[in-house]
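Observations on the three-dimensional arrangement
Now for the letters of each chain:
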Amino acid sequence: MISINRIGKHLGAEISGVDLSRPLDDNTFSRIAKAFFDNEVVFFRNQKIAPEQHIAFTKRFGELEQHVRKEHRLGGYPEILIVSNILNDQGKTIGVEDAGRFWHSDLSYKQTPSLLSALYALEVPVKDGRVLGNTSFASTTAAYEALPDDMKRRLQGLKNVHSYRYYRGKNVQAQKAEQARGARVVQEHALTPEQLSSVPDSEVPIVRTHPVTGRKGLFINEAHTSHIVGLPKVESDALLSEICAHIIQPEFRYEHHWRAGDLLMWDNCAVQHKANFDYDLPLRRLMYRTTVRGSAPY
Ligand code: SIN
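These lines cover the structure that appears in this document, whether it is placed above or below. (Residues numbered from 1 in each chain as written. Predicted model: local features only at pLDDT ≥ 70, side-chain atom pairs only at ≥ 80, totals over all residues. Heavy atoms only, no water.)

1. Things to note about the overall build of the protein chain
Test applied: Under the DSSP-based scheme used, a helix requires at least four consecutive residues in state H or I and a strand at least two consecutive residues in state E, with every element numbered from the N terminus. As defined in this context, the radius of gyration uses C-alpha atoms, and a globule is described by 2.2 Å times the residue total to the power 0.38. Each residue's exposure class comes from its accessible area (1.4 Å probe, protein chains only) as a fraction of the maximum for that residue type: buried when under 20%, exposed when over 50%, partly exposed otherwise. Whether two residues touch is decided by their heavy atoms; if any such pair falls within 4.5 Å, the residues are in contact. Working definition of accessibility: Shrake-Rupley area with a 1.4 Å probe, residue cover restricted to the visible protein chains. Charged residues are defined here as Lys and Arg on the positive side and Asp and Glu on the negative side; His and the ends of the chain fall outside this count. All charge positions are set by atom: Lys at NZ, Arg at CZ, Asp at CG, Glu at CD.
The helix and strand tally for the protein chain stands at seven helices and 18 strands. For 298 residues, the compact-globule estimate of 2.2 N^0.38 gives 19 Å, and the C-alpha radius of gyration of the protein chain, at 19 Å, lies within 12% of that figure. Projected onto its principal axes, the C-alpha positions of the protein chain cover 50 × 50 × 40 Å. Counting all 298 residues of the protein chain, 53% fall into the buried class. Considering only contacts within the protein chain whose residues lie at least 6 apart along the sequence, 82% involve residues at least 24 apart. When the accessible area of the protein chain is evaluated, it comes to approximately 13,300 Å², of which 51% is carbon and sulfur surface. Considering the protein chain, the positive charge centre built from 38 side chains and the negative charge centre built from 35 side chains are found 0 Å apart.

Here it is, written out as structure tokens:
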């Protein structure tokens, strides 16, 4: 029996009574899809799924992306991106180690940003009996609805630029600052010019209508938004900081405490997320992620 238990005030629900390693009938899938779009973040505990099953389940929501960081795709399964701090024999990470350092929605810099992501936890870091590496989510729809009317009017019609290059630069700066404070040096694979040029900047509305639910949300984030179009830099930076700080207020958030075997999905048109890097090797974290392609924001 499938059951859905809402956890956060605005987002987050646990779905029980589903075994994702088995094919789902259309009725069960429809209930999951409805629960997903109603709750913006949903998770299933105690799942034992192979990459094929992870792919088959998420493919029912739409076409799967293949991430630009092809060196971190799972061998034989290009639709799966490895998110991990585990090192290979050459001392390089087997997956993206720094995914989610800043608040963002996945692939928001693409011309057709992602509809949803599904992250499957294979190994989670545990210290003194406590699981580390939580992921936090913030509802951009609830945040939009809570804005005062004059701010809603100000944002209507404004566009912002989402840029993968901007994000990479910001990430490198953050890594350098952490290393200067004594953090381990992350041996990353450098991106080739071809990889970078395959993700040109994208100009999109700040107020976005959800393609499935029709709800309005804020499509702007601290990781990928380089600037707001048409505003002087000082004004653009100030407005960007103000909106991003508004979105991530505790009342709009749900924080996920991982267990190995969790499959958690989030709606990239309705939430932003951020990972908590409160662990390091020898504590290992290994996750597999699929990402469903969405449509051009409007
Ligand atoms: C991501 O940003 O897609 C990964 C989040 C996480 O590792 O918790």
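2. Thoughts on the sheet that holds strand β14 (residues 225-228)
The pairing of strands in a sheet happens through backbone hydrogen bonds and is either parallel or antiparallel. The cut-off we apply is this: What makes two strands pair is DSSP finding at least two bridges between them. Axis lines are fitted through C-alpha atoms, for helices just across the contact stretch, and the angle between N-to-C directions can take any value from 0 to 180 degrees.
Pairing is antiparallel in the open sheet, where three strands are placed in the order β11-β10-β14. A single partner strand is all that each edge strand has here, and the edge strands are β11 (202-205) and β14. Geometrically, the sheet is characterised by an average inter-axis angle of 30° between neighbouring strands, direction not taken into account.

3. Some points on helix α1 (residues 26-39)
The criterion, for reference: An expected span of 1.5 Å times one less than the residue number is assigned to each helix. Two N or O atoms form a polar contact when they lie within 3.5 Å of each other; inside protein one atom must be a possible hydrogen donor and the other a possible acceptor, and for residues adjacent in sequence the pair counts only when both atoms belong to side chains.
Its 14 residues place the ends of α1 20 Å apart at the C-alpha level, agreeing with the 20 Å of an ideal helix rising 1.5 Å per residue. Against β1 (3-6), β2 (13-16), β3 (41-44), α2 (51-59), β6 (114-123) and β16 (263-267) lie the buried residues of α1. Measuring from the side-chain oxygen of the N-cap residue of α1 to the backbone nitrogen of Asn-27 gives 3.1 Å; that N-cap residue is Asp-25. Positive backbone phi, approximately 70°, marks Glu-40, located one or two places after α1.

4. A word on the sheet that holds strand β15 (residues 253-256)
Reading across from one edge, β15-β9-β17 is the order of the three strands in this open sheet, with antiparallel pairing throughout. This sheet does not close on itself; its edge strands, each paired only once, are β15 and β17 (271-275). The sheet shows a mean angle of 20° between the axes of neighbouring strands, direction not considered. Note that strand β9 (residues 135-139) and β15 share four bridges and pair antiparallel. Residue pairing for β15: Thr-135 is matched across the bridge by His-256.

5. With respect to the site of the ligand
Stated formally: Only heavy atoms are used to decide nearness, and a residue is near a molecule or strand if one of them lies within 4 Å of it. Method remark: on a 1 Å grid restricted to protein atoms, a set of points is classed as a cavity if a 1.4 Å probe fits but cannot get out and as a pocket if it is open with protein on both sides within 12 Å along at least five of seven lines; lining residues have an atom within 4 Å of a point. Being in a pocket or cavity means that more than half of the molecule's atoms lie within 2 Å of its grid points.
In the region of the ligand, the neighbouring residues are Val-83, Ala-99, Gly-100, His-104, Asp-106, Leu-119, Thr-135, Trp-266, His-273, Ala-275, Arg-285 and Arg-289. Between the ligand and Thr-135 there is a distance of 2.6 Å, counted from an oxygen atom to a side-chain nitrogen or oxygen. Between the ligand and His-273 there is a distance of 3.0 Å, counted from an oxygen atom to a side-chain nitrogen or oxygen. Expressed as a share of its isolated accessible area of 260 Å², the protein-covered part of the ligand is 100%. Of all the cavities here, the one that holds the ligand is the second largest cavity.

6. Quick look at empty space enclosed by the protein
This is how it is decided: Grid points are joined across faces, edges and corners, and a volume is the space filled by probe spheres set on the points. All amino acids are sorted into three groups, where Ala, Val, Leu, Ile, Met, Phe, Trp, Tyr, Cys and Pro are nonpolar, Asp, Glu, Lys and Arg are charged, and the leftover types, Gly among them, are polar.
Tallied over the full model, the rule gives seven cavities of 30 Å³ or more. Quantified by volume, the largest cavity comes out at close to 170 Å³. Here the residues of the lining of the largest cavity sort into nine nonpolar, four polar and four charged. Volume-wise, the second largest cavity comes out at about 110 Å³.

7. Considering the nonpolar core
Our working rule: Nonpolar cores were defined as sets of buried Ala, Val, Leu, Ile, Met, Phe, Trp, Tyr and Cys residues, with membership established by side-chain atoms within 4.5 Å.
Core analysis: the biggest nonpolar cluster contains 33 residues, and Ile-32, Phe-44, Phe-57, Phe-61, Leu-263 and Met-265 have the highest contact counts within it. Of all elements in the fold, only β2, α1, β3, α2, β5 (77-84), β6, β16 and β18 (286-293) reach the threshold of two or more residues within this core. Ranked by residues supplied to this core, first place goes to α1 with six residues. Core analysis: the next-biggest nonpolar cluster, separate from the first, contains 20 residues, Ile-206, Val-207, Ile-243 and Phe-252 among them.

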